[in-house]
Amino acid sequence: MTSPGVEATRAQRSVLAVDDDPSILGLMADILSGEGYRVVSASDGRQALDLLAQEPVCVVLLDMRMPRLDGWGFARELRQRGQRLPVVVVTAAENARAWAEEIGADAYLAKPFQLADLLEIVERFCGEDRSAEGPAA
Amino acid sequence: MDALQLLQLIHHGVWVALAAIAVVRVARRPTRTSLDIALFFAGIALFVIESRVLAVVDLPGGEALRAAGVILVVALPYLLLRILDDFAPVRPWIMRASEASVVPSAVVLLAFQDAQLPLAALLYVVAAFAAVAIYSAAVAVRVARGSSGVTRSRMRSIAAGAYFLGLGILVAGVGAVLPAATAVAAAVTQLCAVASALSFFVGFAPPGPVRRYWQIPELRGFLARASTLPRTGMDELVREIEEVAGRSLGARAAIGLWDETAGVLRFARSGGMPSVVGPGSPYLVWRSFAEQSPVYVSDAATANPAAADEYRRVGVGPVLLAPITAGERRLGVLAVTARREPIFAEEDLEFVRLMAQQAAVLMESRTLIDEAARVRAQEETARLKEDFVSAAAHDLKTPLTTIVAQAQLIERRAEREGRAGELPGIRRLVSETLRLSRLVEELLDASRLERGAFEMMLDDADLAAVVREVATYDRPGVERIKLEVAGPLRGRFDARRMAQLVDNLIDNALKYSPAQSSVEVRAWSEDGLARVAVRDAGIGIPPAELPDLFNRFRRASNVDHRRYGGIGLGLFICRGIAEQHGGRIWVETELGRGSVFQVEIPLRGAVPRSPGLEAGTVRA
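Along every chain, residues carry numbers that run from 1 in the direction the sequence is written. Chains carry letters from A onward and ligands carry numbers from 1 onward, assigned in written order. The predicted origin of the model limits local features to residues at a pLDDT of at least 70 and limits the giving and counting of side-chain atom pairs to 80 or more, whereas totals for whole chains, interfaces and linings rest on all residues. Side-chain metrics rest on all non-hydrogen atoms present in the structure, leaving aside hydrogens and water.

Time to look at the overall build of chain A. For chain A, the count of helices and strands is seven helices and five strands. Put simply, chain A runs from its N terminus to its C terminus through helices and strands in the order α-β-α-β-α-β-α-β-α-β-α-α. For the exposure calls, accessible area comes from a 1.4 Å probe over protein chains only, and a residue counts as buried if that area is under 20% of its type's maximum, exposed if over 50%, partly exposed in between. Taking all 137 residues of chain A together, the buried fraction comes to 52%. Throughout, the Shrake-Rupley method with a 1.4 Å probe supplies accessible areas, and for residues the shown protein chains are the sole cover considered. Carbon together with sulfur atoms contributes 47% to the accessible area of chain A, which is approximately 5900 Å² in total. Labels follow the DSSP assignment, with helices taken as runs of H or I lasting at least four residues and strands as runs of E lasting at least two, numbered in each case from the N terminus.

Below, the structure written as structure tokens:
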């Protein structure tokens, strides 16, 4: 899954954080906005899909166990819509890596993560050098 | 020969045959009862033989023989009561009366030998016989009601014998009084005599096959119940076996359980047995257990004079003992006792042995079931604990995520904004939350190892590079580390886990050694193994604690717990990591001189030991 060029340029500094824990959402917004990212937050998969329809993003930071629509459901619907987006599974569960494989995510981040880990992974998908790779609008 | 004569021949034949068996028995085992039985049957048989012989040939002194025969016949009621007395208590005055009646009966019969008996005399003889027979039947019935199994069947047989005897005598009396009924009465009397002889014999001295025939239903019932027995406790099981064994033999049965720690046999219910029997005890039950051999004695007091008084006190006569042993495991002894001698025969020993074998199987399976249940409960407790640890550690992770990253964010901002005064405090906050995070991770790792769910990600890696990197981390005391790496050490490793292992060893070495001493970290290869050694000049480990050192929650006792934090999981996890790589970890230590922790990992084809791990199945 790689971000298509057109969308990537438009959404290059937007990150979608999906987590049912408000303090995790607050934390991510706090960290990433300080680094110049725009952070869009959703508390479940359904809300995340709705937001994606309105706003393109360069990466989705996806919790797996959530009410309404969980990480698996979100990934499935995303695929059905034919939308291709970098997804990073962020979970405290034992099998973070296996779940990431399962839903075809691009990377995973195990909780508790450190500041540097989060920045590094977001940078990987939304960084300046990546946007330069995309074709000019 | 007419039918009546044939019947008489059969009648006589039966008595003579049974008498022969009884005599052989008394010769083999001369006891009071067998003697009484032999006298009873032989008395009748002699009379029969003598009357038949005298009918054919006129022997000299035939009169005297005839007289002896009459006396034998009139003594029969007395002999019958004697046998009965061996099985059940007969009132003494009745015994005396029957003894006394022998003489007048003999006188009456002898006086009118060839002449017709006067009615009064006839009635007297018939009444005396019938009274004894009916009394015997009543006693036997009463005893049968109060007993069970073989004893009950025997007493019923005896009762039947007595009834037939009484009936036969009454009918014979009627035949003598009414000449018209003589032929019929004679036939009925003959039939009654045969039935009586057989019933008495079966009751007094049941042959083996009859005994077994009586025992089989009890044994079958016991075996049928056996499948449900082990569900109850050991105590109920023992009681049930005692009951069935007692019931089937019509006696008291008691099981003495072997108490291995005390080295004694314990009887829960007395059943004629002492409650504790140990080495040096005079009882036969101890002999049976110690020698592991079944024992039968017809009278315990005679067979074992050392404990005769005790046997008499509790009313133990004959004893059957069989050790209860499952394979090599001695479980106890099955003891069956009765008050009166003729209740058992030696043949019953086989039956008791069979019971004891069944008891052994049941008790052994009960023990195994109990054992299995205990192990299951233990495992369940352990699993619940592991589940709890895992769930608790897991729930700690989410708040930790916010705390760790948020603290680091605050630190970063303070650095950027140059708030130098706040920085030391913020850094403490960050390092302590990281430590907390590591502890939670350790708990989880330990729990994963316990559950066999320790996930490994084996990749081609260079252990030398891992050691070099870990040993040069910026940490307090890093300058004390003397690093000596002969690499590369290429193999299949989980680099993150190996780093965790080496880091832990270096951490311990720095922590438990004097501030100025050096810590040597070496990595090299030898015989296809990658080896890492971490040597410190620290406090060392007491030898007694070495075997447990790599177990969970074990910390050496000479560690100051307040000075050195930790929950004792580090080395347990280190061992887990080494073993998951197919390697091992050990320590050489000297108190006060220091320790060398060594790890060796096969360099090629490192395979996780336990199957079912997800190692290698996950490839990002």
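Another point: the confidence of the model for chain A. Residues and elements named next belong to chain A. Every residue gets a pLDDT, meaning the predictor's confidence in that residue, from 0 to 100. Mean pLDDT over chain A works out to 83, with 84% of the residues at or above the 70 mark. Within chain A, the lowest mean pLDDT, 43, falls on helix α1 (residues 5–10), and the highest, 94, falls on strand β3 (residues 59–62). We call two residues in contact whenever any of their non-hydrogen atoms come within 4.5 Å of each other. In this model, residues 1–10 is a region of pLDDT below 50 whose contacts with residues beyond four sequence positions or in other chains number 14 contacts.

A few words now on the environment of A:P112. All names here are of chain A. You can see P112 is positioned in the loop between β5 (107–110) and α6 (115–126). The class of P112 is buried, set by a relative accessible area of 18%. Considered as a pair, P112 and V90 are 22 residues apart in the sequence and their alpha carbons are 9.3 Å apart.

Taken together, the contacts link 23 residues of chain B with 22 residues of chain A. Between chain B and chain A the total buried area reaches about 2100 Å² when both faces are included, carbon and sulfur atoms providing 51% of it. Within this document, salt bridges are pairs made up of a side-chain nitrogen of Lys or Arg and a carboxyl oxygen of Asp or Glu, the two lying within 4 Å of each other. If you look at where chain B meets chain A, you find three salt bridges. We note a salt bridge from B:R416 to A:E35, for which the minimum N-O separation is 3.3 Å. Here a polar contact is recorded for every N or O atom pair within 3.5 Å, except that within protein the pair must consist of a potential hydrogen donor and a potential acceptor, and residues adjacent in sequence are included only if both atoms are side-chain atoms. The tally of links from chain B across to chain A stands at eight residue pairs in polar contact (both at pLDDT 80 or more). Put simply, the parts of the chain that give the side of chain B that touches chain A at least two residues each are α13 (348–416) and α14 (423–451) of chain B. Ranked by residue count, the leading element in the side of chain B that touches chain A is α13(B), at 14 residues. Three classes are used: nonpolar for Ala, Val, Leu, Ile, Met, Phe, Trp, Tyr, Cys and Pro, charged for Asp, Glu, Lys and Arg, and polar for all others, with Gly counted as polar. Considering only residue class, the side of chain B that touches chain A consists of nine nonpolar, seven polar and seven charged. Accessible surface is computed with a 1.4 Å probe, and the buried area is the amount of it that two parts give up when combined, taken over both parts together.

Now for the sheet that holds strand β4 (residues 295–297) of chain B. Residues and elements named next belong to chain B. Pairing between strands is defined by DSSP: at least two bridges between the two strands are required. Judged by pairing direction, the sheet is antiparallel, and its six strands sit side by side in the order β3-β2-β1-β6-β5-β4 without closing on themselves. Strands with a single pairing partner mark the edges of an open sheet, and in this sheet they are β3 (276–277) and β4. Looking at chain direction, strand β1 (residues 252–259) and strand β6 (residues 329–337) are connected through six bridges and run antiparallel. Note that in β6 the partner of I255 across the bridge is L334. The sheet strands contacting helix α9 (residues 234–249) are β1, β5 (319–326) and β6, and the helix crosses β1 at an angle near 145°. Only the stretch in contact is used when fitting a helix axis, every axis being a line fitted to C-alpha atoms; angles between N-to-C directions are given from 0 to 180 degrees.

Residue and element names in this part refer to chain A. In plain terms, two cysteine sulfur atoms within 2.5 Å form what is called a disulfide here. Tallied over the entire structure, the rule returns one disulfide over all chains. Between the sulfur atoms of C58 and its disulfide partner C126 the distance amounts to 1.9 Å. Across the S-S bond of C58 and C126 the torsion is about 100°, and the bridge reads as right-handed. Residue C58 is located in the loop between α3 (45–54) and β3, and its partner C126 is located in helix α6; the two are separated by 68 residues in the primary sequence. When sorted by exposure, C58 lands in the same class as C126, which is buried.

So, on to the side chain of B:T401. Structurally, B:T401 can be placed in helix α13. From its side chain, B:T401 meets the backbone oxygen of B:K397 in a polar contact 2.7 Å long. Apart from the residues within four sequence positions on either side, B:T401 is in contact with A:I24, A:L27, A:K111, A:P112, A:F113 and B:Q406.

Residues and elements named next belong to chain B. We call Phe, Tyr and Trp rings a pair once their centres come within 6.5 Å, taking the six-membered ring for Trp, and we label the pair stacked below 30 degrees between planes, edge-to-face above 60, and tilted otherwise. According to the stated counting rule, one finds 12 aromatic pairs over all chains in the structure shown. With 5.3 Å between their ring centres and 5° between their planes, F200 and F204 make a pair best called stacked. Placement of the pair is F200 and F204 together in helix α7 (residues 182–204), with a separation of four residues, close to one helical turn. By relative accessible area, which is 0% here, F200 ends up buried. Judged by its relative accessible area of 3%, F204 falls in the buried class. Aromatic rings pair up to connect W15, F40, F41, F200, F201 and F204 into one cluster.

Our focus in this paragraph is the sheet that holds strand β2 (residues 38–42) of chain A. All names here are of chain A. Pairing is parallel in the open sheet, where five strands are placed in the order β2-β1-β3-β4-β5. Taken across any chain shown, the strands that pair with only one partner, and hence form the sheet edges, are β2 and β5. In this sheet, neighbouring strand axes are inclined to one another by 20° on average, regardless of whether the strands run parallel or antiparallel. Sheet analysis places β3 next to strand β4 (residues 87–91), joined by three bridges and oriented parallel. Each bridged residue has a counterpart across the sheet, and for L61 the counterpart in β4 is V88.

All names here are of chain B. Each patch is built from salt-bridge-free residues with over 30% relative accessible area, joining like charges within 9 Å and nonpolar side chains (Val, Leu, Ile, Met, Phe, Trp, Tyr) within 5 Å. A contiguous nonpolar patch, built from L119, L123, V174, V177 and L178 and spanning about 430 Å² of accessible area, is present on the exposed surface. When residues of the nonpolar patch are traced back to their parent elements, those giving at least two are α5 (119–145) and α6 (149–177). Its location among the elements puts L123 in helix α5.

This part covers the nonpolar core. All names here are of chain B. Judged by nonpolar contacts, the single largest core of 55 residues is most densely connected at F40, F41, L81, M155, I158, F200 and F204. Of all elements in the fold, only α1 (3–28), α2 (32–56), α3 (62–87), α4 (92–111), α5, α6 and α7 reach the threshold of two or more residues within this core. No other element matches the 12 residues that α5 contributes to this core. Setting aside anything within four residues of it in sequence, one finds F200 in contact with F40, F41, L80, S157, I158, G161, A162, L165 and A205. V466, A509, I573 and V599 belong to the second largest nonpolar core, which has 45 residues in total. What we call a nonpolar core is a set of buried Ala, Val, Leu, Ile, Met, Phe, Trp, Tyr and Cys residues that are connected through their side-chain atoms within 4.5 Å.

This brings us to the pairing of strand β12 (residues 584–590) of chain B. Every regular strand shows the same layout, with side chains that alternate between the two sheet faces. Residue and element names in this part refer to chain B. Sheet topology places β12 next to strand β13 (residues 594–602); seven bridges connect them, and they run antiparallel. Counterpart to E590 in the pairing with β13 is G594. As consecutive antiparallel partners, β12 and β13 are separated by three residues, and within that stretch G592 has a phi angle of approximately 80°, a positive value.

Cis geometry marks the peptide bond from A:K111 to A:P112; its omega dihedral reads -5°. Within the chain, A:R68 stands out as a residue other than glycine whose phi angle is a positive 60°. As for its placement among the helices and strands, A:R68 is situated in the loop between β3 and α4 (71–80). Overall, A:R68 belongs to the exposed group, its relative accessible area being 66%. Positioned with a positive phi, B:Q292 is a non-glycine residue whose angle comes to about 50°. With respect to the helices and strands, the residue B:Q292 is situated in the loop between α10 (284–291) and β4. By relative accessible area, which is 25% here, B:Q292 ends up partly exposed.

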